[in-house]
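The primary structure of each chain is shown beneath.
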Amino acid sequence: SQQGEEDPQALSIQEGENATMNCSYKTSINNLQWYRQNSGRGLVHLILIRSNEREKHSGRLRVTLDTSKKSSSLLITASRAADTASYFCATDAIGGGGADGLTFGKGTHLIIQP
Amino acid sequence: GAVVSQHPSWVICKSGTSVKIECRSLDFQATTMFWYRQFPKQSLMLMATSNEGSKATYEQGVEKDKFLINHASLTLSTLTVTSAHPEDSSFYICSARRGGYTGELFFGEGSRLTVL
């Protein structure tokens, strides 16, 4: 599986500020998902956006998807110390029929300074 | 949400031994499960797709004789790292798809393998 790129690789901001992470991918997709991973732990699913959607909200999360640019962004508003984690985007490619696993981006390590 | 359980959470073994990691879907049946590998500070790399009742499909570069996958039932897939070496030390994560090919994916908590 080819991986997408995420930027920045690492991001450190003050509590209360907004954090924006970007993800680019290479193939046509059915959907794109964002996950959070605390150090040494499993993945927590945050949000899924389908290829025919452009923006989606969930609580303090806002995800955008631009299929023409093959890119997505994750915005976390009013960040909290507990948001400190690694964030990964993952794509579900067209044609896999669900038999393929997700392709993960390289991830952004987010640090929220209290 | 649905639960996927991995066992063990962490294991330390000597070089040359084999280690088995289990992935169970606790409250749903999964015809397809996936195994990923994650090195420190890196992303998840898909190793193989585990299909219930048939052979696993391995990604390019993954040795099928090294990483044995068995999907004996609709709720259990196992990954056996055979003749483990220190370079096999990694975090292994499984995921299970609920509800057929378009179903949602659920991830286990991961298993950390350290080979001495």
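Up top is the structure these notes are about.
Just so it is clear, the model here is predicted, and its values are computed rather than measured. Positions within a chain are numbered from 1, following the residues in the order the chain's sequence is written. Just so you know, chain letters begin at A and ligand numbers begin at 1, following the order they were written in. Only residues with pLDDT of at least 70 are given local features in this predicted model, and only at 80 or more are side-chain atom pairs given and counted; all residues enter the totals for whole chains, interfaces and linings. Side-chain calculation: all heavy atoms of the structure are included, whereas hydrogens and water are not.

**Overview of the overall build of chain B**
Runs of E in the DSSP output that reach at least two residues are strands. Runs of H or I that reach at least four are helices, and both are numbered from the N terminus. Along its length, chain B carries zero helices and 11 strands. With the radius of gyration taken over C-alpha atoms, the globule rule is written as 2.2 Å times the number of residues to the power 0.38. Compactness check: chain B gives a C-alpha radius of gyration of 13 Å against a globular reference of 13 Å for 116 residues, within 12% of the reference. Referenced to the eigenvectors of the C-alpha coordinate spread, the extents of chain B come out at roughly 40 × 25 × 25 Å. Taken over 116 residues, chain B has a buried fraction of 50%. Where accessible areas are quoted, they stem from the Shrake-Rupley method and a 1.4 Å probe; at the residue level, only the protein chains shown are allowed to cover. Carbon and sulfur atoms make up 52% of the accessible area of chain B, which totals about 5800 Å². Under the scheme applied here, a residue whose accessible area is under 20% of the maximum for its type counts as buried, over 50% as exposed, and between as partly exposed, the area being computed with a 1.4 Å probe on protein chains only.

**Details of unusual backbone geometry**
In the segment running from His7(B) into Pro8(B), the intervening peptide bond is cis, with an omega of 0°. With respect to the element layout, Pro8(B) can be found in the loop between strand 1 (4-7) and strand 2 (10-13). At Lys70(A), a position not held by glycine, the phi torsion is positive, near 50°. Position of Lys70(A) relative to the elements: it lies in the loop between strand 7 (61-66) and strand 8 (71-76). In the Ramachandran plot, Ser83(B) falls in the positive-phi region, its phi being about 45° despite a non-glycine side chain. Tracing the backbone through its elements, the reader meets Ser83(B) in the loop between strand 8 (76-81) and strand 9 (90-97). On the accessibility criterion, Ser83(B) (35% relative accessible area) is partly exposed.

**Observations regarding the state of the cysteines**
Residue and element names in this part refer to chain A. Any cysteine sulfur atom paired with another within 2.5 Å is treated as part of a disulfide. With the rule as written, the count across this model stands at two disulfides over all chains. There is a disulfide in this structure between Cys 23 and Cys 89, and the S-S distance comes to 1.9 Å. Here Cys 23 and Cys 89 share a disulfide; its torsion about the S-S bond, 65°, makes the bridge right-handed. Here Cys 23, found in strand 3 (residues 19-24), pairs with Cys 89, found in strand 9 (residues 85-93); they are 66 residues apart in sequence, far enough to count as distant.

**Section: the sheet that holds strand 7 (residues 67-73) of chain B**
Residues and elements named next belong to chain B. In short, DSSP must find at least two bridges between two strands for them to pair. Taken together, the four strands give an open sheet; going across it, the order is 1-3-8-7, and neighbouring strands pair in antiparallel fashion. Since the sheet does not close on itself, it has two edges, and those belong to strand 1 and strand 7, each with one partner. Taken pair by pair, the neighbouring strands of this sheet meet at an average axis angle of 15°, ignoring direction. Where strand 3 (residues 19-25) meets strand 8, six bridges bridge the pair, whose relative direction is antiparallel. The partner of Glu 22 across the bridge, within strand 8, is Thr 78. All axes are obtained by fitting lines to C-alpha atoms, using only the stretch in contact for helices, and the reported angles, taken between N-to-C directions, cover 0 to 180 degrees.

Purely geometric stuff here, so don't read any function into it on its own.
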